[in-house]
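Each chain, letter by letter, is given below.
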Amino acid sequence: MRKMLCTAVVAFGLVAVPAMPALACGGLIGPNGAVNLTRTTTLAAHYKGIEHYVTAFTYAGGGGEFGSIVPLPGMPSKVERGGDWTLQRLQQETAPPQTAGVALAARAESDSSAEEVYKTKIDALDITVLKGGGKSVGIWASEHGFRLPPDTPEVLDFYAKRSPYFMAAVFDSAEAEERGQQIGDGTPIHVTIPLRSPWVPLRILALGKQAGERVEADVYLLTERIPNLLPSGALAGYRVERQVPASRQLLEDLRSDKGMGWLPASGMVLTHLEVGAAAPEMRYDLAINTNGGTPSRSRAGLPPLPTPPPPPPTVRPTVEPTPEPTAAATLGPQALPIEPAEPASVRWPIVATAALIPLAGIVTALWLKRRAA
Amino acid sequence: MNRGRAGAAVVGVVMAVAALASSAWGTIPLRTRTITLTIHHSRFSISHLDVQRGERIRFVVRNDDPIDHELIVGDVVVQARHETGREAHHGARDGEVSVPLFETASTAYTFDEPGELWFACHLPGHWRYGMQGTIAVRS
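Thresholds, definitions, all that
- Residues numbered from 1 in each chain as written.
- Chains lettered and ligands numbered in written order.
- Predicted model: local features only at pLDDT ≥ 70, side-chain atom pairs only at ≥ 80, totals over all residues.
- Heavy atoms only, no water.
- Buried < 20%, exposed > 50% of the residue type's maximum accessible area, 1.4 Å probe, protein only.
- Helix = DSSP H or I, 4+ residues; strand = E, 2+ residues; numbered from the N terminus.
- Pairing = 2+ DSSP bridges.
- Salt bridge = Lys/Arg side-chain N within 4 Å of Asp/Glu carboxyl O.
- Core = buried A, V, L, I, M, F, W, Y, C linked by side-chain atoms within 4.5 Å.
- Contact = heavy atoms within 4.5 Å.
- Buried area = accessible area lost by both parts, 1.4 Å probe.
- Nonpolar A, V, L, I, M, F, W, Y, C, P; charged D, E, K, R; others polar.
- Axes fitted to C-alpha atoms, helices over the stretch in contact; angles between N-to-C directions.
- pLDDT = per-residue confidence, 0-100.
- Polar contact = N/O pair within 3.5 Å; in protein donor to acceptor, adjacent residues only side chain to side chain.
- Parallel < 35°, antiparallel > 145°, perpendicular 65-115°, else oblique.
- Left-handed = near helix turned anticlockwise from the far one by under 90°.

K.L.:
Explain the pairing of strand β9 (residues 165-171) of chain A to me, using residue names and the numbers behind them.
P.N.:
Residues and elements named next belong to chain A. Where burial is concerned, most of β9 is hidden: seven out of the seven residues are buried. By the alternation rule, side chains of β9 split into Tyr165, Met167, Ala169 and Phe171 and Phe166, Ala168 and Val170, which are all buried. Two elements, strand β7 (residues 125-131) and β9, share seven bridges in a ladder whose sense is antiparallel. Bridge pairing links leucine 125 to phenylalanine 171 in β9.

This is the structure we're talking about:
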């Protein structure tokens, strides 16, 4: 019989647990190696053309199995267990009041299931990276017992237009119980993606939420330069809580965590975004540009700006000629009919004739005079 | 027996047979027709239908989504029962059919009484998401 999976937690660990005291990093780890976060937390770091995506999947327990499908900006080169304290350390960095100061396809659709391009097991989590369009990922999910919420088809198509990669994470409940995992325990996952222009999926956070629900999350960015973000502004659905040079202490703490040695000791910018929006309004992602330019609208899932209409062609002003009075009287009895316009084309033979007559008379007179002489 | 009486007798027999048939099978539908509903991004392609009392409609439901859907036709009581029910699969009763992802299925329903009915999908969250429509049955 097909196992029924519920997408209880779609994107990241989103379970309300009591806030942990601000202890040293070691104190924030559960005895079973699990992490506990106050709310959905994600790190999207971009360094030397690589996006490092660290998030946590929360174990929901119970007798069933729970899975999540997360869109990925690109094909990951590695998916591994995330560091034990990276996400909590970032939360600690920005938690008030003790903050120290300053701080991530449209493809040709087929009727077959998505291609499994990467599989691994991290603690009790079965991780599968899928490649395919919204249709084929949906087929794969259905074949593997996922019960997807009604907005899934639209959301899958939204993401598949920009990237064919998705990550499915399913808790093995038997394995989780063996490991002593409790409900609410999260397993951190670190996804390494070679990516020139990073972007962070945000719309996925609203998947399965009802119209009156809100999306609340923390997103931390670590970039080599100050990032430009799109969308931005008051209606972007998030607030930039801080954007500061990452302190040496923070980077040192993060570098010492498992899998985080790629971080430099200095020179990174920490940006903390507090995401808070009504679920129906969360219909875009976060595009990032760290080169001083404007982030891509398509990477944010935003429609292209309307093309401005071409300017009207330049028209030279024309001077309407005034109608000429009839010239028939000056030419004698055979008057020309009255014709409006184009006086010049009628006038010049008359002028020439008028000039030639006296000239002919002068020439004749001179000839006669000479002859007489 | 003259011709007139023979003709009247034939007509009478025919009418009697018809009456028997209609009483055995219920109301003879005024007419039957087929309506195709397409589901895309968890939305029905039609939001309202007008039908005549006595019509029998064959609903052909084409599911273009990568998730399962269903079609339930009936009044508010029927809809409420399915919204809270746990029946995983439909197809045995008129006006109820499950439609797996990327498949097409059909069901038929006879509209006996005038009034307002609904058609909807009652998989978890689908009704609230907007998978519903109304049917006006006119006499």
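K.L.:
How would you sum up the pattern of salt bridges? Please name residues and give values.
P.N.:
Evaluation of the coordinates by the stated rule reveals 21 salt bridges over all chains. Between lysine 119 of chain A and glutamate 116 of chain A there is a salt bridge whose closest N-O contact spans 3.5 Å. The exposed category is assigned to lysine 119 of chain A, whose relative accessible area is 57%. As a salt-bridge pair, arginine 138 of chain B and aspartate 50 of chain B come within 2.6 Å of each other at their nearest N and O atoms.

K.L.:
Before we move on, can you summarise the nonpolar core with the specific residues and values?
P.N.:
Core analysis: the biggest nonpolar cluster contains 44 residues, and Ile189, Val200, Leu221 and Leu286 of chain A have the highest contact counts within it. Ranked by size, the runner-up nonpolar core spans 22 residues in total, among them Ile39, Leu71, Ala105 and Leu117 of chain B.

K.L.:
Break down helix α2 (residues 134-143) of chain A for me, with residues and values.
P.N.:
All names here are of chain A. α2 sits mainly inside the fold: eight of its 10 residues count as buried. Those residues of α2 that sit buried are Gly134, Ser136, Val137, Gly138, Ile139, Trp140, Ala141 and Ser142. Positive backbone phi, approximately 85 degrees, marks glycine 145, located one or two places after α2.

K.L.:
So what's going on with the interface of chain A and chain B? Which residues, and what values?
P.N.:
Counting from both sides, the interface comprises 15 residues of chain A and, opposite them, 13 residues of chain B. Of the roughly 1,200 Å² buried where chain A meets chain B, counting both sides, 67% is carbon and sulfur surface. For chain A, the biggest contributors to the area lost against chain B are Pro150, Pro153 and Gln210 of chain A; these three give 44% of the whole. Our count for the chain A to chain B interface comes out at zero salt bridges. Of all the secondary-structure elements, those providing two or more residues to the side of chain A that touches chain B are α2 and α3 (152-160) of chain A. With five residues, the single largest contributor to the side of chain A that touches chain B is α2 of chain A. Class assignment for the residues of the side of chain A that touches chain B results in five nonpolar, four polar and six charged.

K.L.:
Hey, could you go over the sheet that holds strand β9 (residues 132-138) of chain B for me, with residue numbers and the actual values?
P.N.:
All names here are of chain B. A sheet is described by the order of its strands in space; here five strands give the open sequence β3-β9-β8-β5-β6, paired in mixed fashion. The two strands at the open ends of the sheet, each matched to only one other strand, are β3 (48-52) and β6 (96-99). Each neighbouring strand pair of the sheet contributes to a mean axis angle of 20 degrees, computed without reference to strand direction. In this structure, β3 lies alongside β9, joined through five bridges in parallel fashion. In the strand pairing of β9, valine 51 is matched with valine 137.

K.L.:
I'd love a proper account of the confidence of the model for chain A, names of residues and values included.
P.N.:
Residue and element names in this part refer to chain A. Predicted confidence across chain A gives a mean pLDDT of 76, with 68% of residues reaching 70 or more. When pLDDT is averaged over each element of chain A, helix α5 (residues 248-255) comes out on top at 96 and strand β1 (residues 5-6) at the bottom at 34. Low confidence marks residues 97-108, where pLDDT is under 50. Its contacts with residues over four positions away, or in another chain, come to 43 contacts. Note on residues 327-346: pLDDT under 50 across the span, and eight contacts to partners over four residues away in sequence or across chains.

K.L.:
So what about the side chain of aspartate 285 of chain A? Which residues, and what values?
P.N.:
Residue and element names in this part refer to chain A. Within the fold, aspartate 285 resides in the loop between β15 (269-278) and β16 (286-289). Judged by its relative accessible area of 0%, aspartate 285 is buried. Engagement of the side chain of aspartate 285 in a polar contact is seen with the side chain of tyrosine 159, the distance being 2.6 Å. Once residues lying within four places of it in the same chain are set aside, the contact partners of aspartate 285 are Phe158, Tyr159, Arg162, Trp199, Val200, Pro201, Leu202, Arg203, Leu230, Pro231, Arg299 and Ala300.

K.L.:
Quick one: what's the story with the packing of helix α1 (residues 86-94) of chain A against α5 of chain A, residue by residue and with numbers?
P.N.:
Residues and elements named next belong to chain A. In contact at an axis separation of 10 Å, α1 and α5 are set at 165 degrees when each is read in the N-to-C sense. Relative to α5, the element α1 is oriented roughly antiparallel. Where α1 crosses over α5, the two elements pack in a sense that is right-handed. Contacts between α1 and α5 involve Thr86, Arg89, Leu90 and Glu93 from the first element and Gln249, Leu250, Asp253 and Leu254 from the second. Residues that form the contact of α1 with α5 fall into these classes: three nonpolar, two polar and three charged.

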